[in-house]
Amino acid sequence: MADFKRIEDAGDLTGKVALVRVDFNVPMADGKVTDDTRLVAAVETVNALRQAGAKVALLAHFGRPKGEVKPEMSLAPIAPAFAQVLGHPVSFCDESVGEKAKAAIEGLEATGVILLENTRFHKGEEKNDADLAKAMSELGDVFVSDAFSAAHRAHVSTVGLADYLPAYAGKSMERELDALNAALGKPERPVVAVVGGAKVSSKIDLLKNLVAKVDYLVIGGGMANTFLAAQGVDVGKSLCEHDLKDTALKIDENAKAAGCEIVLPVDLVVAKDFAANAANRTIGLDEVEADEMILDAGPATVTRLETIMDGAKTLIWNGPLGAFELTPFDAATVGAAQAAGARAKAGKLIAVAGGGDTVAAMNHAGVAEDLSFVSTAGGAFLEWMEGKALPGVEALKK
Ligand code: AMP
């Protein structure tokens, strides 16, 4: 994936306007931003473009207005919040296309910054409408895409603009693509994938892609129950998709053919109630009672994962190994995450984790800083793990 264009490839941008797609879909309460992580993530790109001499016009979506102007989904309150994070004034225009937006950008001082209104107020945005793309492209000279989290969508502001303007990856996008490429594009082997979470059904494509690419596929969480049940293990009243037995067996078969070892729990933590601090016991695979649920993998499983990590060069992780929101059923997730974090911090393992619950799990385990990269992009990260070409990334290769 090294073949995408970066900001440095744009050269001197003095007097030019950079149209920059960012992810400003931030959590808000009472008109105030409650978590500015996504705003902070855009700073480096904006500064790099200003340093190259460009004016910066920011494009973003907020919520799902579905092509209508919805005042409660205006980006107006984000401009002062971003200005504070950037340490530089950020003006706002209540349009993202047309004469009004053009005039607002022209009115900026050299290397000034402006946030344009929610791109999804236009019906053409989510349809990647060519007329809208052409009209929006007339606002700028170059297109910089910095929202990996939206790269799985072919919209005007993620893809269409690249048909009319030279397109470059912003700094956040660049970091994300470099990390993902290191983990699954051209990884150092052996590669371990850890996939957990509730259901196999939501991750079938992902499992199919991974067995063809990685050396070890660790399956945990509720998903592991489906694989164990397919192998004849009695899982009691555990979360389990019994109807996916054949799918699980087929994935097993594909893994064997591809030389990928599927690693399932070797011991289990079970309880009768799905609740924090429920009475529980740690048992072998053949000891689950009819009224018990498997809520976590046991310590022997974590030890096995540590051994696998010791022999691995690269690890990619999505999904918790158990019901990690409920103590003590977070133990396997936390144990394995800390093992990955320690090895990554010591430079022994490239470890990349991503997806909504996974970010929460890594934060809970206190290892988000130790891992090589943690992607906060949910859908885009999963589609990339599924091996799908992301339109917003393909657009940067032109
Ligand atoms: P996902 O969104 O598919 O990544 O699933 C994450 C959810 O799976 C978390 O809320 C976990 O609590 C849940 N989960 C993981 N393992 C189990 C399990 N053994 N039984 C029930 N829920 C689980």
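Here we summarise the structure given alongside this text. (Residues numbered from 1 in each chain as written. Predicted model: local features only at pLDDT ≥ 70, side-chain atom pairs only at ≥ 80, totals over all residues. Heavy atoms only, no water.)

Considering the nonpolar core
Buried together is how nonpolar side chains tend to be arranged in soluble globular proteins. Here is the rule: The nonpolar core is taken to be a set of buried Ala, Val, Leu, Ile, Met, Phe, Trp, Tyr and Cys residues, with the residues joined through side-chain atoms within 4.5 Å. Only protein chains enter the area calculation, which uses a 1.4 Å probe; residues under 20% of their type maximum are buried, those over 50% are exposed, and those in between are partly exposed. Where a domain begins and ends is set by an automatic assignment or by a domain database.
One finds Phe148, Leu217 and Trp384 to be the most contacted residues of the largest nonpolar core, which totals 77 residues. Here this core spans two domains, since at least three of its residues come from each of domain 1 (7-172) and domain 2 (187-385). Membership of the second largest hydrophobic core comes to 35 residues, among which are Phe24, Ala48, Ala52 and Leu75.

Things to note about unusual backbone geometry
The cut-off we apply is this: Think of it this way: any DSSP run of H or I at least four residues long counts as a helix, any run of E at least two long counts as a strand, and we number them from the N terminus.
The omega angle of the peptide bond from Arg189 to Pro190 is 0°, so this bond is cis rather than trans. Cis geometry is adopted by the peptide bond preceding Pro328, which originates at Thr327 and carries an omega value of 0°. Here Pro328 shows up in the loop between β15 (314-318) and α10 (331-345). The phi angle at Thr111 is positive, at roughly 55°, despite the residue not being glycine. Considering the arrangement of structural elements, one finds Thr111 in the loop between α3 (98-106) and β6 (113-116). One non-glycine residue, Asn128, lies in the positive phi region at around 50°. Among the secondary structure elements, Asn128 is positioned in the loop between β6 and α4 (130-137).

Observations concerning the sheet that holds strand β11 (residues 261-263)
This is how the line gets drawn: In this analysis, strands are considered paired if DSSP registers two or more bridges between them. Throughout, an axis means a line fitted to C-alpha atoms (over the contacting stretch in the case of helices), and angles, computed between N-to-C directions, take values from 0 to 180 degrees. Contacts between residues were defined by any pair of non-hydrogen atoms, one from each residue, lying within 4.5 Å.
Judged by pairing direction, the sheet is parallel, and its six strands sit side by side in the order β11-β10-β9-β15-β16-β17 without closing on themselves. Taken across any chain shown, the strands that pair with only one partner, and hence form the sheet edges, are β11 and β17 (373-375). Shown here is a sheet whose adjacent strand axes are inclined to one another by a mean of 15°, direction ignored. Across three bridges, the pairing between strand β16 (residues 350-354) and β17 is parallel. Note that in β17 the partner of Gly354 across the bridge is Ser375. Each of β9 (191-195), β10 (216-219), β11 and β15 is contacted by helix α9 (residues 299-310), which is oriented at about 145° to β11, the strand it contacts most.

Some thoughts on the site of the ligand
This is how it is decided: Here, proximity means that at least one heavy atom of the residue falls within 4 Å of the molecule or strand. Polar contact is the term for a pair of N or O atoms within 3.5 Å; when the atoms are in protein, one must be able to donate a hydrogen and the other to accept it, and sequence-neighboring residues count only if both atoms are side-chain atoms. For every accessible area listed, the method is Shrake-Rupley and the probe measures 1.4 Å; residues are considered covered only by the protein chains on display. When residue character is reported, Ala, Val, Leu, Ile, Met, Phe, Trp, Tyr, Cys and Pro are called nonpolar, Asp, Glu, Lys and Arg charged, and the others, Gly included, polar.
In the vicinity of the ligand, 15 residues are found, and the nearest of them are Ala198, Ile294, Gly322, Glu325 and Asp357. A distance of 3.2 Å separates an oxygen atom of the ligand from a polar side-chain atom of Lys203. Within the side chain of Asp357, one N or O atom sits 3.1 Å away from an oxygen atom of the ligand. Taken by itself the ligand offers 500 Å² of open surface, and the protein chains cover 80% of this. Broken down by secondary-structure element, the contributors of at least two residues to the shell around the ligand are α7 (221-230) and β14 (293-297). Examining the composition of the shell around the ligand, we find that three residues originate from one element, α7, more than from any other. Looking at the shell around the ligand residue by residue, the classes come out as seven nonpolar, five polar and three charged.

A short note on the pairing of β16
The two faces of a sheet get side chains in turn, since along a regular strand they alternate between them. Put simply, the rule reads: Every crossover in which the path from the first strand over the helix to the second runs clockwise, viewed with the strands pointing away from the viewer, is termed right-handed.
Buried residues dominate β16, accounting for four of its five residues. Crossover connection from β15 via α10 to parallel β16: handedness right-handed. Note that the unit made of β16, helix α11 (residues 356-365) and β17 has a crossover that is right-handed.

Let's talk about the packing of aromatic side chains
For the record, the criterion: Any two rings among Phe, Tyr and Trp, with Trp reduced to its six-membered ring, count as a pair given centres within 6.5 Å; such a pair is stacked if its planes are under 30 degrees apart, edge-to-face if over 60, and tilted if neither.
One pass over the full model with this rule turns up two aromatic pairs. Aromatic side chains Phe24 and Phe82 sit 5.0 Å apart centroid to centroid with 50° between the ring planes, which places their arrangement in the tilted category. Residue Phe24 is found in the loop between β1 (17-21) and β2 (28-29), and its partner Phe82 is found in helix α2 (residues 78-86); the two are separated by 58 residues along the sequence. We note that Phe24, like Phe82, is buried. Centroid distance Phe381 to Trp384: 5.8 Å. Interplanar angle 45°. Geometry classified as tilted. Highlighted residues: Phe381 and Trp384, both in helix α12 (residues 379-385), separated by three residues, approximately one helical turn.

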